[in-house]
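# Coordinate inspection notes
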Amino acid sequence: MTAAHPRVTVRTADAGDLAAVAIIENLCFGDPWSLPALLSELEPDPMRLPLAAEADGQVVGFLMAWLVTDQLHVLNIAADPHWRRQGIGTALLREAARRGRALGLVEATLEVRRGNVAGRAFYQRHGFHETGVRKRYYADNGEDAIILDCDLDTLAEG
Ligand SMILES: CC(C)(COP(=O)(O)OP(=O)(O)OC[C@H]1O[C@@H](n2cnc3c(N)ncnc32)[C@H](O)[C@@H]1OP(=O)(O)O)[C@@H](O)C(=O)NCCC(=O)NCCS
């Protein structure tokens, strides 16, 4: 468990978190993942890292990542809109980076929509840099994906 905001802790998420995760997913994304897709990330798998942030006994954010060779590939990170700008996303990202580093990974990578101003500011704040663009990556609106990388030491230590 990692202490972040005084009322927030980060722990491993599991299938029991599916309902709470799905609520946040649907509040945060215009193209939310389906329940089966979310569940597959929450089931035990040494290649997957699902984390939940809790405050006052309630899930207020989550992160899902894959452990791929020496990379932590962040698939999804979201904070309950009522809990934004209180360090939830930061606590999740740092815990993922610490766990990845402990497993010998060296870099975090992810894709973010070109138009996701908050997401891009958040990642920039944490030291991510742009390494490429996947043109028209998102099927729902043809938006480009910006590829971002960050070394895990930077991410873990903040
Ligand atoms: C991106 C997201 C996870 C950030 O979560 P959060 O808990 O609000 O983030 P934090 O409180 O840890 O923010 C840390 C820093 O990131 C930056 N940041 C976060 N949100 C920002 C915003 N809306 N605008 C500008 N900068 C922002 C700031 O530098 C912030 O520090 P500050 O509050 O002291 O200025 C959240 O906005 C979210 O769930 N968005 C919807 C889902 C999404 O787009 N996910 C990312 C793509 S997969």
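As a reminder, the structure under discussion sits directly above these lines.
This section reports on the structure supplied with the text. (Residues numbered from 1 in each chain as written. Predicted model: local features only at pLDDT ≥ 70, side-chain atom pairs only at ≥ 80, totals over all residues. Heavy atoms only, no water.)

## Regarding the packing of helix α1 (residues 18-28) against helix α2 (residues 35-42)
Contact pair α1 / α2: the axes reach a minimum separation of 10 Å and the direction vectors enclose 125°. Here α2 runs oblique to α1, going by the angle between their axes. Of the two elements, α1 crosses α2, and the hand of that crossing is right-handed. For the pair formed by α1 and α2, the contact residues are L18, V21, A22 and E25 on the first element and L35, L38, L39 and L42 on the second. In terms of residue class, the contact of α1 with α2 is made up of seven nonpolar, no polar and one charged. (Axes fitted to C-alpha atoms, helices over the stretch in contact; angles between N-to-C directions. Helix = DSSP H or I, 4+ residues; strand = E, 2+ residues; numbered from the N terminus. Parallel < 35°, antiparallel > 145°, perpendicular 65-115°, else oblique. Left-handed = near helix turned anticlockwise from the far one by under 90°. Contact = heavy atoms within 4.5 Å. Nonpolar A, V, L, I, M, F, W, Y, C, P; charged D, E, K, R; others polar.)

## Description of the packing of aromatic side chains
The tally for this structure, following the rule as stated, stands at three aromatic pairs. Summarising the aromatic geometry, the rings of Y123 and F128 are spaced 5.3 Å apart at their centres and angled 65° between planes, so their arrangement reads as edge-to-face. Residue classification places Y123 among the buried positions, given a relative accessible area of 8%. Relative to Y138, the ring of Y137 lies with its centre 5.0 Å away and its plane at 90°, an arrangement referred to as edge-to-face. Note on Y137: relative accessible area 39%, which makes it partly exposed. Among the residues examined, Y138 registers a relative accessible area of 14% and is labelled buried. R113 extends its terminal NZ or CZ atom over the ring of Y138, reaching a point 4.1 Å from the ring centre. (Phe/Tyr/Trp six-rings, centres within 6.5 Å; stacked < 30°, edge-to-face > 60°. Buried < 20%, exposed > 50% of the residue type's maximum accessible area, 1.4 Å probe, protein only. Lys NZ or Arg CZ within 6 Å of the ring centre and 35° of its normal.)

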